[in-house]
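Examining the three-dimensional arrangement
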Amino acid sequence: MQRAYMSALCELAEKDRNVLSLLADSGTGYDELFRRYFPKQMLDFGIAEENMVAAAAGLALCGKIPFVYTAGAFLAYRSFEFIRDDVCFQNLNVKIVGMGAGLSWSTLGSTHHTTEDLGALRSLPNLTILSPSCPKEVEKAVKAAYDIKGPVYIKIGMNNEPDIYREEEPFVVGRNRELRSGKDLCVYTTGSIASEVLTAAELLEKKGLDIGVVNVPTIKPLDTAEILDRAVKYNTILTVEEHSITGGLGSAVAEVLAESDVKVRFRRIGLRNCFAAGYGTHAQVKAANGLDAAGIAEQILAAQK
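The following paragraphs examine the structure supplied in this document. (Residues numbered from 1 in each chain as written. Predicted model: local features only at pLDDT ≥ 70, side-chain atom pairs only at ≥ 80, totals over all residues. Heavy atoms only, no water.)

**Topic: the overall build of the chain**
Secondary structure assignment for the chain yields twelve helices and twelve strands. Whereas a compact globule of 305 residues would reach a radius of gyration of roughly 19 Å, the chain reaches 19 Å, a difference of no more than 12%. Projected onto its principal axes, the C-alpha positions of the chain cover 55 × 40 × 35 Å. Of the contacts formed within the chain by residues at least 6 apart in sequence, a portion of 78% connects residues at least 24 apart. Within the structure as shown, the chain displays about 13000 Å² of accessible surface, and the carbon and sulfur contribution to it stands at 50%. Distance from the positive charge centre (33 side chains) to the negative charge centre (38 side chains) of the chain: 2 Å. (Helix = DSSP H or I, 4+ residues; strand = E, 2+ residues; numbered from the N terminus. Rg over C-alpha atoms; globule rule 2.2 N^0.38 Å. Contact = heavy atoms within 4.5 Å. Areas by Shrake-Rupley, 256 points an atom, 1.4 Å probe, with all protein chains shown as cover. Lys, Arg positive; Asp, Glu negative; His and termini not counted. Charge placed at Lys NZ, Arg CZ, Asp CG, Glu CD.)

Structure follows, in C-alpha cells:
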C-alpha cells in the first residue's frame, strides 16, 4: 500500500506543483523516490508530528495541498489537537495519511498499533475519512482526496497487502462496495482485513453458510442508505475490523441501525476493550487476536448461536 500511495502522489505532484509531501522521518525508499523527482515539493520535519500538522495548515492557507504522511498512531493520537484545531476547525485543504493501519506495525507492539484512530477522528467535524482495502483502492483514494477541498484522513497498510478486486471498479467517496454476494448474513469490513474476511467467507461456505461481504472504503461520510437497504434484506449483520470495536466501523454501523426503525441482529468483531496481544509478523499478530481468516470465521459462527 505504501508503494501505491507514493505512486499516486507522484502523479498528482507532477501535474500540480502545489502538491507537497510532508514527512516525519518515515525513512522509506518510496520517500526517496519522491524526493529524487520532486525535491522542491518535499519537506521532512523529523520526529515532530505536531509541528508537521501545524505547518501543513499554514501551507494550505498559502494555497498548497500538503499530504502529511507518517505512522498513523503518531498522527491520530500525538497530533490530535493539531488536526482538530489547526486543520478541521479551519476546514483547511490538508490530507493526513496514516501509515500502518490496524496491527501493521506488528513487531513494535501496541504503542505503534493504529487501532483507535477511527474512534478518535470520526468525531471531528469537516473531516472525510477513507479506509482503502488494497493497493488499487489506495491509489484511487489518494486521487479522490486530492479532489476534495477540505481535510481528509486516509489510513493505509504497509505489509504487501493483496489486491482484492479482479476488475477495475470506480471509487466513489461515501459509497460502499460489495465484494461477495450471500444470502445467509452480511459482513461489513474496512481496510486491508477485507482479504481475511473474504477467505473466512470461503471457509464458512464449506460449512454451508453463504455470506455476503461489503467493503466500506469511506468511514465518513458513511453510506447509510446502503446499510439500511441491506439491513432490511438480512436477519443478521456483522462488522469486522482491525480496530477496537468501540468508535470504529462497528460503532458507526450500530449508530445507523439504532437510529432507524429496522430490526436486525447485529454483532461486532474486532478488538474488544483491549490492546492487541503479542508480537511478530502481521499475520502472527492477527492470528493471536482472532483477526485472521480462521479466527474471523470462528467468531462469525459463534455470533450465529
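Still more ground to cover, so stick around.
**Brief notes about the side chain of Ser-104**
When you line up the elements, Ser-104 lands in the loop between β4 (95–99) and α6 (117–121). Within the structure, Ser-104 has its side chain in polar contact with the backbone oxygen of Ala-101 (distance 2.6 Å). In this structure Ser-104 touches Gly-157, Met-158, Asn-159, Glu-161, Glu-242 and His-282, once residues within four positions along its chain are discounted. (Polar contact = N/O pair within 3.5 Å; in protein donor to acceptor, adjacent residues only side chain to side chain.)

**Points about the layout of surface pockets**
Of the pockets and cavities examined, the largest pocket occupies roughly 310 Å³. Looking at the largest pocket, it is lined by 13 residues, and the ones nearest its centre are Ile-164, Tyr-165, Arg-166, Leu-179 and Leu-198. Elements with a contribution of two residues or more to the lining of the largest pocket: β7 (177–180) and α8 (194–205). It is α8 that contributes the most residues to the lining of the largest pocket, four residues altogether. (1 Å grid on protein atoms, 1.4 Å probe; cavity = no way out; pocket = protein on both sides within 12 Å on 5 of 7 lines; lining within 4 Å. Points joined across faces, edges and corners; volume = space filled by probe spheres on them.)

**Here's the deal with the pairing of strand β11 (residues 236–244)**
By the criterion of burial, β11 is predominantly enclosed, with nine of the nine residues buried. Sheet topology note: the strand β8 (residues 185–189)/β11 ladder contains four bridges and is parallel. Note on β11: the bridge partner recorded for Tyr-188 is Thr-239. In this sheet, strand β12 (residues 265–271) lies alongside β11 in parallel orientation, the contact comprising six bridges. Paired with Val-240 across the bridge in β12 is Ile-269. Of the crossover connections in this fold, the one passing from β11 over helix α10 (residues 249–258) to the parallel β12 is right-handed. (Buried < 20%, exposed > 50% of the residue type's maximum accessible area, 1.4 Å probe, protein only. Pairing = 2+ DSSP bridges. Right-handed = clockwise from strand over helix to strand, strands pointing away.)

**Looking at empty space enclosed by the protein**
Inspection of the entire model under this criterion finds two cavities of 30 Å³ or more. Within this model, the largest cavity holds a volume of roughly 120 Å³. At the level of secondary structure, the elements contributing two or more residues to the lining of the largest cavity comprise β6 (152–156) and β11. Taken together, the residues of the lining of the largest cavity break down into six nonpolar, seven polar and three charged. Lys-136, Glu-137, Lys-140, Tyr-165, Glu-167, Glu-168, Glu-169 and Arg-177 together form the lining of the second largest cavity. No other element matches helix α7 (residues 135–147), which puts three residues into the lining of the second largest cavity. Classifying every residue of the lining of the second largest cavity by side-chain character gives one nonpolar, no polar and seven charged. (Nonpolar A, V, L, I, M, F, W, Y, C, P; charged D, E, K, R; others polar.)

**Digging into the nonpolar core**
Core analysis: the largest hydrophobic core is formed by 40 residues, its most contacted members being Val-68, Val-94, Leu-121, Tyr-188 and Ile-237. Elements with a contribution of two residues or more to this core: β1 (19–23), α3 (49–61), α4 (72–78), α5 (80–88), α6, β8, α9 (224–233) and α10. Formed by 36 residues, the second largest nonpolar core is a distinct cluster that contains Leu-9, Phe-34, Ala-73 and Ala-144. (Core = buried A, V, L, I, M, F, W, Y, C linked by side-chain atoms within 4.5 Å.)

**Thoughts on the packing of α9 against α10**
Relative orientation of the contacting elements α9 and α10 amounts to 65 degrees, with a least axis distance of 10 Å. Here α9 is positioned roughly perpendicular relative to α10, judged by the angle of their axes. The way α9 lies across α10 gives a crossing that is right-handed. Between α9 and α10, the contacting residues are Thr-224, Ile-227, Leu-228 and Ala-231 on the first element and Val-253, Val-256 and Leu-257 on the second. Broken down by class, the residue content of the contact of α9 with α10 amounts to six nonpolar, one polar and no charged. (Axes fitted to C-alpha atoms, helices over the stretch in contact; angles between N-to-C directions. Parallel < 35°, antiparallel > 145°, perpendicular 65-115°, else oblique. Left-handed = near helix turned anticlockwise from the far one by under 90°.)

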